[in-house]
Amino acid sequence: MTTFVPPEIDWLALAPLLVVLGAGVVGILVEAFVPARARRTTQIVLTLAALAGGFAVVAVLWPQIVAQPVQVLGGSVTLTPFALGTQGLVAALAFLGVLVVADRTSTGQDAFAPSASAVPGTSYEDLARRSGLEQTEIYPLLLFAAGGMMLFASTDDLIVMFIALEVLSLPLYVLCATARRRRLLSQEAAAKYFLLGAFASALFIFGVALIYGFAGTVRLLVIAQRVQQGGLPLEGMTVLLVAGVLLVTVGLLFKVGAVPFHAWTPDVYTGAPTPITGFMAACTKVAAVAALVVVLYRITIGVGAVSPETMQQLQAVIVVVAVLTMAVGTVVGSVQSDVKRLLAYSSIAHAGFLLVGVAGFRPEVQASTLFYLLAYGVATIGAFGVVTLVRERRVGATSGEDNGPVEDDGVVLGEATEIAQWAGLGRKAPWLTAAFALFLLSMAGIPLTAGFIAKFGAFSGATNGGLWWLAVLGVLASVVAVAFYLRLLVVMVFRRADDETVPERVPDAEDLGEGAGASGAPAGVGTATLVTPQVTASQQVAVTVVRSRGPAAVAIAVCAVVTVILGVFPSPVLGLVEQASKFVP
Amino acid sequence: MNDVIGLAPWLVGFPLIGAAVLLLGGRATDRWGHWLGVAASAASAVVAFILMFRMIGTPPEERAVDHGLWTWLSAGGLDVDLGLRLDPLSLTFVMLVTFVGTLIHVYSVAYMDHDVDRRRFFAYLNLFVAAMLTLVLADSYLLLFVGWEGVGVASYLLIGFWDTGRPSARENAVAAKKAFVMNRVGDMGLIAAMAILFATVGSVSFADVLPAAGGLSETTATAVGLCLLLAACGKSAQFPLQAWLGDAMAGPTPVSALIHAATMVTAGVYLMVRSGPILEAAPTAQLVVVVVGAVTLLFGAVVGTAKDDIKKALAASTMSQIGYMMLAAGLGPAGYAFAIFHLLTHGFFKAGLFLGAGSVMHAMGDQTDMRRFGGLSRFLPITWITMGLGWLAILGIPPFSGFWSKDGIIEAAFVPVDGQPWRAWVFGSVAVLGAAITAFYMTRLFFMTFGGRRPRWTENQHPHEGSPLMWWPLVFLGVGSAALGAVLGIGGTFTTWLEPVVGHAEHHEPVLPVPAIITVTLVLVVLGAALAFRMYAVALVPEEAPRGSFLTRAARKDLYQDAANETLVVLPAHGVARLVQVGDRDVVDRGWGVLPLAVSWFGAMFRKAQTGYVRSYAAGMAGGVLVIAVVAWLVIQLGGGLGGAQ
């Protein structure tokens, strides 16, 4: 008779995940049992506490994991310093992101639809708005997404990684659809993201199947071990392994937003509620790049020793993708006329810069990648945080064709995302502009900001790996990128805003009543599937900067301070991430 | 030393915080901002005193301490560490900058009393002090460069301080730009020197570079030495980059005293002395340094004889005195101590003279033309006495300060180098001749201002002493002008103090016996002074400048320095610029104009690909998978990777 032997579980090692995901579950219960009045506050406090707690546990675990990585639950959770660093990074960035999400600004409205399931333009939507409903489910969703991201790179098991991919993706799909304004655009973005994400997931899981067919396991370290030992049933058919790894890689590159799997990025970044865009751009990038590093590096431990040409194939693919990503990100970014789209392309370009480092296939890339993700993450959350505060304001409207009475009620509308509308922002909100300028400079990689140190690390990863020409391309791409960041800076600081009452643009119809139904064209393109808005009135809008109620301002300030500190005084953080490269990712 | 070295960053920190508060605080700090500025500078001075007393109590060999602050960047072979070096040389400068700086801050409270922008003025002054202290405390050429640029910026901001609302606003702005641009020329030298050092030694920190200097090839050492000299010439207004200093007098007088007399302009000398080991490895560079010093000391002295503007005369004198220091700095270890000693005493007496000039201008309604002064001794007794002490000091009359330091330089100049007596004779004579001319122009300045039987004032002048805030600093500086030299000079206190840094100098015999040198110098000085006294105190001074001899006219026009710059530099540069412009527009632009076009074109193309249709995106992804498969296949077909993977 066999006795039941309970598995030994290192609960502490699971604690960061348990805290965050557990809090997500509690958040669902909060939705059910806490009265509506207190729900929002409870959710925000719970979410922030969970993320801070997760980060704290990461900090507690850090010395132990740096000394010796652990595997829990048979490798389902494999905590290396790199993985744990990713967890901490996701928790910290998600914390900042949630601060921006939680801010209702001086308008008293957050960025989310009162009832996201209401069909745009229906009377139910009106009702939901007038009765002051709030969609507080976004907070548990954020926690689930963050939990999935934390698990993503912390596993050795491709199936668990797939589950993590879904856990992080599904809440994001939903969150993308919840914008208060331009709701059709938001829902369209979510649908696109979902469909393409499903496609990428399918490729990922197909790749896992091929890998399993080759190696008889889905555990990366075991695969590496078996390949080295030899004696696999399908030893000759490394093409299976290569195809499998490439498909898995494609699935991850989709999440990273690398060309040619990037097409969703601009549309989704534009359509999603801006605070969610910031959260998604920063945290998803961290998780996906980390998972990519984990997969590629663990696979190559075994394969690199046995079959150098397989290594070369993987490297060539990453290099080609990196070059394409940098090129498309910077070149297309430089012709954008919408701030959110510009930041989306900037995010694509940064994916390219990150891949330049990854392509070096050097152990120290773990450190520089973590640093890069931190620098990029804070700049991104801060930048999108600023975008949430720059709004359109109704200054005068003639309703309908009969040239009715001119309203000048100063109602604050949606975000003013046209770059031209940002002219003269430096005068209206000097501190906000300064912070935004700082984030742009950091993204551009100007010295004395975090971005410079980050780029330096990424590019030296490539040169150390013998790919100096790729680093040169990276630097050239950075130069082009600098041009479009500076263009935005010039508009904000040096161009004078037109006189306030001059119409700056004919507003989209959705601005007429908030969320009143139709969706306008996003600046640029992506309009093909949109419902043509029913323009019932023309009105004039001016640009105004709404005040934060605190959280977003704190997030922006923290991001700005971190950006400067990492640029001027990076050694402590560099030392910390350095510890992450001691082991295989 | 190690227990108090932690204080050193505060030397820079206090004024930096002061500047930050004053600049960011805006109008809110207008009411008390100037006192904050004074307090910040005074706090630095207190720290400096504490450090100095500790250093005096430390055995000489332990006096040099490097204090690492932080590693800014450590990547691959490149480590950028920032740190401070505290040793007798840097501390001497720190004392000078903080002590004289604080006096000038106090003076400025009264001098700038009526200026609406007084707070901004103090912010810049604080910024200057912070930058200057960074410059002298740096433990590497890189951090020194940060301070070097910092003082350049502060100097620029302060020269052009009155850039609005005054009749001379435009000229002030031009003067500021001139100083800035000419300094850039010098800065290129410093950058080039750093580049060469990094390429050959692999580091730019003093701790690595200076001990390694002996091992450099003579060519390298000469190149580095000359580049550093170029930098020093720019900052210290030495020939041929001297033209900006006279115009820099457009700034408020306390600025002229602090930046363009006592401290910043002597940074070049500091650089030379700090880089001593490099110069010693390059005799040619040393000779050039001496020649530059000698030329400038005569140049400045000659220009000084003809200037009627009291500040410009003092500026010419500054140039000339720094020439002495440069000359000494080129003489090797024997000269270093005296270069710094003269720098220190000069810092006191020249700051005193400038503040005195400021006091006179204050009394005379901002008049600077000495031909419209005269007979002021009765009305401005304190200014008269303190400037008198400065006058005696700069003349080098024993026992006043200047005698101890300048005499040391003249004696050192008479010491033959490498057994070449001609150099001793040439440079020694130049130094003595310079001293005689100095005596002439300073006596002229002094008596045109205070002496004379008949005042030549413009109408409605009622000269009076300024507030105590103005004359107490004068008294302190006057005492320094009188006594500092003797206190530090007798028994070689100061040379011993600097010995741990500049090394012990072997005593060599000059070509003339020392008493003879002193006698000849003093006789010539007295003759020069007597001549000036006869011409400007006994005889009547015309209110309008007479046409004068050819030499006077040339000196009045700064020996045609601007014309020379115009013909030798500006015109050819214009020509080249025009050529380049044509080339740029017709060749480069037409060629490279394609690039932005291409970028926009590709951008537009890809934008079109961004149709918004999910089906096309999905097709794109499928295509992407195909591309990746092709790449992987090609790698196998073509063999070889893209560059050494692991």
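Residues numbered from 1 in each chain as written. Chains lettered and ligands numbered in written order. Predicted model: local features only at pLDDT ≥ 70, side-chain atom pairs only at ≥ 80, totals over all residues.

A. Seen up close, the overall build of chain A. Along the backbone of chain A there are 20 helices and 5 strands. Taken across its 585 residues, chain A has 62% of its residues classed as buried. For chain A, the proportion of contacts with a sequence separation of at least 24, taken over those separated by at least 6, is 80%. (Helix = DSSP H or I, 4+ residues; strand = E, 2+ residues; numbered from the N terminus. Buried ≥ 20, exposed ≤ 12 C-beta atoms within 10 Å, placed from the backbone. Contact = placed C-beta atoms within 7 Å.)

B. A look at the overall build of chain B. A tally of helices and strands in chain B yields 25 helices and 2 strands. Across the 646 residues in chain B, those meeting the buried criterion constitute 52%.

C. Layout of helix α4 (residues 118-137) of chain B. For α4(B), built from 20 residues, the straight-helix expectation of 28 Å at 1.5 Å per residue is met to within 8% by its first-to-last C-alpha distance of 28 Å. Buried residues dominate α4(B), accounting for 18 of its 20 residues. (Expected span 1.5 Å × (residues − 1).)

D. Focus on the packing of helix α3 (residues 81-102) of chain A against helix α11 (residues 274-306) of chain A. Residues and elements named next belong to chain A. Contact pair α3 / α11: the axes reach a minimum separation of 9 Å and the direction vectors enclose 175°. Classified by the angle their axes make, α3 and α11 are roughly antiparallel. Residue-level contacts link Phe 82, Thr 86, Leu 89, Val 90, Leu 93, Ala 94, Gly 97, Val 100 and Val 101 of α3 to Pro 275, Ile 276, Gly 278, Phe 279, Ala 282, Cys 283, Val 286, Ala 287 and Ala 290 of α11. The residue makeup of the contact of α3 with α11, split by class, is 15 nonpolar, 3 polar and no charged. (Axes fitted to C-alpha atoms, helices over the stretch in contact; angles between N-to-C directions. Parallel < 35°, antiparallel > 145°, perpendicular 65-115°, else oblique. Nonpolar A, V, L, I, M, F, W, Y, C, P; charged D, E, K, R; others polar.)

E. Main features of the interface of chain A and chain B. Between chain A and chain B, the residue contacts involve 47 residues of the former and 38 residues of the latter. Elements with a minimum of two residues in the side of chain A that touches chain B: α7 (183-215), α9 (238-256), α10 (264-271), α12 (308-333), α17 (450-464) and α18 (468-493) of chain A. When residues in the side of chain A that touches chain B are grouped by element, the largest group, 12 residues, is from α12(A). A per-class count over the side of chain A that touches chain B returns 30 nonpolar, 14 polar and 3 charged.

F. Up close: the packing of α9(A) against α11(A). All names here are of chain A. Close contact between α9 and α11 brings their axes to 8 Å; oriented N to C, the two are set at 160°. In this view, α9 runs roughly antiparallel relative to α11, as classed from their interaxial angle. You can see that α9 and α11 cross each other, and the crossing is left-handed. On the side of α9, the interface is formed by Val 245, Val 248, Thr 249, Leu 252, Lys 255 and Val 256, while α11 contributes Thr 284, Lys 285, Ala 288, Val 289, Ala 291, Leu 292, Val 295, Leu 296 and Ile 299. (Left-handed = near helix turned anticlockwise from the far one by under 90°.)

G. Molecular detail of unusual backbone geometry. Residues and elements named next belong to chain A. The peptide bond linking Val 259 to Pro 260 adopts the cis configuration, its omega dihedral lying at 5°. Tracing the chain through its elements places Pro 260 in the loop between α9 and α10. For Leu 448, which is not a glycine, the phi torsion comes out positive at approximately 75°. Relative to the assigned elements, Leu 448 resides in the loop between α16 (430-444) and α17.

H. Spatial organisation of the confidence of the model for chain B. All names here are of chain B. Residues of chain B with pLDDT of at least 70 account for 97%, and the chain-wide mean is 84. In the model of chain B, strand β1 (residues 65-75) stands out as the element of lowest mean pLDDT, 69, in contrast to helix α11 (residues 267-274), which has the highest, 91. As scored by the predictor, the complex reaches a pTM of 0.70 and an ipTM of 0.83. (pLDDT = per-residue confidence, 0-100.)

I. Layout of the environment of Lys582(A). Structurally, Lys582(A) can be placed in the segment after α20 (571-578). What makes Lys582(A) partly exposed here is the crowd of 15 C-beta atoms within 10 Å.

J. Broad picture of the environment of Pro277(B). All names here are of chain B. Mapping Pro 277 onto the fold places it in helix α12 (residues 276-280). Residues Pro 277 and Gly 214 lie 63 residues apart in sequence; the distance between their C-alpha atoms is 6.9 Å. Apart from residues lying up to four places away in sequence, Pro 277 is in contact with Leu 210, Ala 213 and Gly 214.

K. Examining the confidence of the model for chain A more closely. Residues and elements named next belong to chain A. In this model, chain A carries an average pLDDT of 86, and 90% of its residues clear a pLDDT of 70 or more. For chain A, the element scoring lowest by mean pLDDT is strand β3 (residues 390-398), at 74; helix α5 (residues 138-152) scores highest, at 96. Between residues 399-406, whose pLDDT stays under 50, and residues either more than four places distant or in other chains, the model counts 9 contacts. Predicted confidence for residues 499-537 stays below pLDDT 50, and this span has 104 contacts to residues more than four positions away or in other chains.

L. Just the environment of Pro416(B), in detail. All names here are of chain B. By the secondary structure assignment, Pro 416 is in the loop between α17 (401-413) and α18 (421-450). Residue classification places Pro 416 among the partly exposed positions, given that 16 C-beta atoms sit within 10 Å. In this structure, the C-alpha to C-alpha distance between Pro 416 and Glu 509, residues 93 residues apart in sequence, is 8.1 Å. Those residues within four positions of Pro 416 in sequence are excluded, and the remaining contacts are Pro 421, Arg 423, Ala 424 and Val 511.

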